[in-house]
Amino acid sequence: MTMTDYYTLGDPVADTKAPDGPIETRWERRRFGAKLVNPANKRKLTVIVVGTGLAGGSAAATLGELGYQVKSYCYQDSPRRAHSIAAQGGINAAKNYRNDGDSVHRLFYDTVKGGDFRSRESNVHRLAQISVQIIDQCVAQGVPFAREYGGLLDTRSFGGAQVSRTFYARGQTGQQLLLGAYQALERQIAAGTVTMHDRHEMLELIIVDGRARGIVVRDLVTGEISTEFADAVVLASGGYGNVFFLSTNAKGCNVTASWRAHRKGALFANPCYTQIHPTCIPVSGDHQSKLTLMSESLRNDGRVWVPKAKGDNRVPADIPEDERDYYLERIYPAFGNLVPRDIASRAAKNVCDEGRGVGPGGLGVYLDFAAAIGRLGRDAVEAKYGNLFEMYQRITGEDPYTTPMRIYPAVHYTMGGLWVDYDLQSTIPGLFVIGEANFSDHGANRLGASALMQGLADGYFVLPNTIGDYLAAGPFPKLDAENAEVAEARKLVEDRIEKLLAINGDRTVDSFHRELGRIMWEYCGMERTDAGLRKAISEIRELKAEFWQRAKVPGDGEGLNQSLERAGRVADFFELAELMCIDALHREESCGGHFRAESQTEEGEAQRDDDTFSYVAAWEFGGDTPVLHKEDLTFEYVHPSQRSYK
Ligand SMILES: Cc1cc2nc3c(=O)[nH]c(=O)nc-3n(C[C@H](O)[C@H](O)[C@H](O)COP(=O)(O)OP(=O)(O)OC[C@H]3O[C@@H](n4cnc5c(N)ncnc54)[C@H](O)[C@@H]3O)c2cc1C
């Protein structure tokens with residue numbers, strides 16, 4: 001098949017909201033240029049927020065505080081069980097408390113470079129500016145960031161940076177930040193500005209007269225389907241790494257909310273940009289349904305190595321220093337163990353491919369704390385990483401204080417997501433997308449500790465400022481269930497549930513998901529090739545057809561039915577997986593986490609092709625043949641160069 005059999009080319013797409021001119025004042029000028037809604041009118045406007053993670057929780061709380069009527073949704077039994085609670089290592093901010101040369105400009109620079117020059121300068125600069133406010137906001141809420149002896153907030157280093165700008169709360173930063181956002185949310189719930197709907201899943205977007213006006217939700221406990229209306233809809237529904245089945249994401253993470261919006265017209269940007277995190281506990285067999293991250297913060301003190309000799313299966317303690325290869329320190333002396341994730345993951349894969357991997361199947365490398373324990377003492381290491389060490393020991397039965405951890409790359413984060421403009425508005429008027437669900441700031445590779453920063457920047461600061469510009473034209477006409485477009489959206493949901501239940505096949509939904517994940521990992525994972533991606537697309541299409549004939553979805557739609565929930569999510573993953581492979585196939589360059597084997601430097605690093613591919617690939621839904629809209633990227637401040645961490 002030729003490339004045009006897989007997709008067609010549409011008109012370019014442009015971000016019309018980002019101001020030009022000096023980058024330092026773009027955000028200020030956009031805020032000043034945006035229309036305001038007066039306080040009395042805010043009370044008349046309703047906003048739906050899907051998701052209660054760091055992005056959605058902070059957005060709903062802030063919109064409530066501003067005086068809007070907010071309806072908040074999540075599928076968990078409590079907003080504070082959102083996947084954000086799992087975030088371990090920290091959150092970046094250009095505070096320069098360490099006086100080590102950090103600045104807004106340096107964070108901006110590191111992030112654009114870290115993303116391999118595939119993100120927008122305006123967005124990233126705004127993110128770096130806001131990072132400073134986030135820490136103040138969270139401290140004011142009482143988030144217990146780690147402090148130094150003197151009482152100042154402590155920081156540590158993360159990959160892709162030579163400064164120490166990551167604020168943290170041991171290995172539980174996400175949990176503490178989410179508790180801060182959750183308390184702010186609860187306050188608004190008590191004040192009556194936010195109504196909370198947990199155990200509710202959004203299954204369709206309602207568009208009336210070209211505007212996003214609501215959602216169709218299923219009560220996951222009673223099975224009841226309802227239509228919910230608003231003047232604007234915000235998706236904060238997280239990332240889609242679970243398309244790979246095995247990932248470090250919470251088991252429930254899925255793409256359904258974004259995918260339903262995509263099917264209704266929202267462009268999906270850079271779906272193939274997936275982050276494979278270098279330090280995860282290796283897969284231990286076919287029984288697993290989830291992988292566990294060992295935070296990147298561990299690379300502050302842990303040294304990564306493999307034996308120099310192939311097939312050396314001595315226990316690590318028996319391998320003398322001069323027979324070890326600290327390959328990151330060797331290949332990248334300037335950044336050492338703290339190279340960005342895409343680089344560290346590929347390097348781990350390379351040494352394992354050479355036959356120097358450790359542990360079962362040779363798919364592992366060591367992360368060794370012996371030197372840190374010798375230098376700092378066990379107590380100091382325990383104070384910094386104790387809960388991570390304990391987690392590792394519980395899962396593997398090995399004690400990382402006395403023997404090195406074994407780690408291997410695993411799917412962790414998705415840089416792709418729904419396309420949004422500078423205001424975080426999608427291509428559907430009135431549909432805003434924030435947090436991991438959008439594509440906006442990380443280009444082809446996210447730097448560690450930048451997701452929490454982005455989620456909170458979006459939720460506490462960006463969206464609350466930009467959504468008013470849209471809502472100033474509201475309130476929009478009242479809606480009810482009789483409206484033809486509303487009824488049609490509801491029917492779509494009912495028909496789909498009926499269709500899933502009617503398959504009545506002989507194969508579990510999980511087995512389909514596991515097989516889909518295997519195809520994706522094999523052909524659209526750490527290394528991608530033209531032939532592999534074509535094969536993946538055809539295998540996914542066959543498996544998808546089989547799913548709709550053979551999936552077994554027991555029970556009915558009248559009450560709690562987790563098989564039905566999973567079936568709907570896996571059905572959407574199939575369609576997404578196809579788009580991811582088409583995106584990866586069309587992007588014949590390597591960049592960041594997207595490594596095309598055909599496009600590498602002599603030293604095996606990602607080789608970009610800026611002349612041809614310096615654009616955001618924003619895809620319009622088109623069934624088997626999606627339509628590609630390109631948004632050109634321009635760089636005025638950080639000039640694209642071959643990334644070097646040497
Ligand atoms: C193990 C792990 C550790 C990490 N550590 C860090 C770190 O240290 N630093 C960092 O910066 N990043 C880290 N990340 C990344 C970061 O945690 C996530 O990117 C971020 O938390 C995503 O936040 P979010 O608010 O966008 O989405 P989420 O926290 O995933 O929240 C999604 C919300 O949407 C709701 N939802 C989804 N779909 C629907 C639907 N259809 N209907 C109703 N509700 C729906 C869910 O119920 C949930 O409330 C880590 C990721 C993992 C996996």
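Counting starts from 1 at the beginning of each chain's written sequence and moves along it residue by residue. Note on the predicted model: pLDDT of at least 70 is required for a residue's local features to be given, and 80 or more for side-chain atom pairs to be given and counted; whole-chain, interface and lining totals, by contrast, use all residues. Note that water and hydrogens are dropped before the side-chain values are worked out from all heavy atoms of the structure.

### Observations regarding the UniProt feature "domain: FAD-dependent oxidoreductase 2 FAD-binding" (unreviewed entry) in the chain
Then, in step 1: UniProt records the feature "domain: FAD-dependent oxidoreductase 2 FAD-binding" (unreviewed entry) for residues 47-452 in the present numbering.
Then, in step 2: Counting from the N terminus, the helices are DSSP H or I runs at least four residues long and the strands are E runs at least two residues long. Counted over residues 47-452, helix gives 29% and strand 19%. Its end C-alpha atoms are 23 Å apart. UniProt positions are given in the numbering used here, feature names are shortened, and annotations may be inferred rather than shown by experiment.

### A short note on the sheet that holds strand β8 (residues 211-219)
Then, in step 1: Two strands pair if DSSP finds at least two bridges between them. The three strands lie next to each other as β7-β8-β9, forming an open sheet whose pairing is antiparallel. The strands lining the two open edges of the sheet, one partner per strand, are β7 (200-208) and β9 (225-229). Shown here is a sheet whose adjacent strand axes are inclined to one another by a mean of 30°, direction ignored. To obtain an axis, a line is fitted to C-alpha atoms, over the contacting stretch when the element is a helix, and the angle between two such axes runs from 0 to 180 degrees between their N-to-C directions.

### Some remarks on the packing of aromatic side chains
Then, in step 1: Two rings from Phe, Tyr or Trp (for Trp, the six-membered ring) form a pair when their centres sit within 6.5 Å of each other. Planes less than 30 degrees apart are called stacked, planes more than 60 degrees apart edge-to-face, and all others tilted. In total, this model carries 21 aromatic pairs according to the counting rule given.
Then, in step 2: Considering the side-chain rings of Phe117 and Phe635, the 6.1 Å spacing of their centres and the 80° angle between planes classify their relative orientation as edge-to-face. Within this pair, whereas Phe117 is found in the loop between α5 (104-114) and α6 (121-141), its partner Phe635 is found in the segment after β22 (627-632), the two being separated by 518 residues in sequence. Accessibility classification places Phe117 together with Phe635 in one group, the buried group.
Then, in step 3: Aromatic pair Phe389 and Tyr401: ring centres 4.6 Å apart, planes at 50°, arrangement tilted. Placement of Phe389 in helix α12 (residues 378-396) and of Tyr401 in the loop between α12 and β16 (405-414) is noted, with a sequence separation of 12 residues between them. Neither Phe389 nor Tyr401 differs from the other in exposure class; each is buried. The cut-offs for exposure are 20% and 50% of the maximum accessible area for each residue type, with area from a 1.4 Å probe on protein chains only; residues under the lower value are buried, those over the upper are exposed, and the others partly exposed.

### Here's the deal with the nonpolar core
In summary, soluble globular proteins display a tendency toward joint burial of nonpolar side chains.
Then, in step 1: We call a set of buried residues a nonpolar core when its members are Ala, Val, Leu, Ile, Met, Phe, Trp, Tyr or Cys and they connect through side-chain atoms within 4.5 Å of each other. Ile91, Leu205, Leu235 and Phe547 are the most contacted members of the largest nonpolar core, which totals 185 residues.
Then, in step 2: Should any heavy atoms of two residues lie within 4.5 Å, those residues are counted as being in contact. Once you skip the residues sitting within four places of it in the chain, Leu235 turns out to touch Val50, Met202, Ala257, Ser258, Ala261, Leu418, Leu431, Phe432, Val433, Ile434 and Ala437.
Then, in step 3: Phe245, Cys280, Leu293 and Ala410 belong to the second largest nonpolar core, which has six residues in total.

### Section: the site of the ligand
Then, in step 1: In the vicinity of the ligand lie 37 residues, with Gln76, Ser84, Gly89, Met202 and Glu436 positioned nearest.
Then, in step 2: Any pair of nitrogen or oxygen atoms within 3.5 Å is treated as a polar contact; in protein, a donor-acceptor pairing is required on top of that, and neighbouring residues in sequence qualify only through side-chain atoms on both sides. Contact between the ligand and Ser84: an oxygen atom at 2.5 Å from a side-chain N or O atom of the residue.
Then, in step 3: Mapped onto the shell around the ligand, the elements with two or more residues apiece are α4 (54-66), β7, β16 and α13 (451-471).
Then, in step 4: The element contributing the most residues to the shell around the ligand is β7, with three residues.
Then, in step 5: Tallied by class, residues from the shell around the ligand come to 17 nonpolar, 17 polar and three charged. To be near a molecule or strand, a residue needs just one of its heavy atoms within 4 Å of it. Polarity classes work like this: nonpolar for Ala, Val, Leu, Ile, Met, Phe, Trp, Tyr, Cys and Pro, charged for Asp, Glu, Lys and Arg, and polar for all others, with Gly in that last group.

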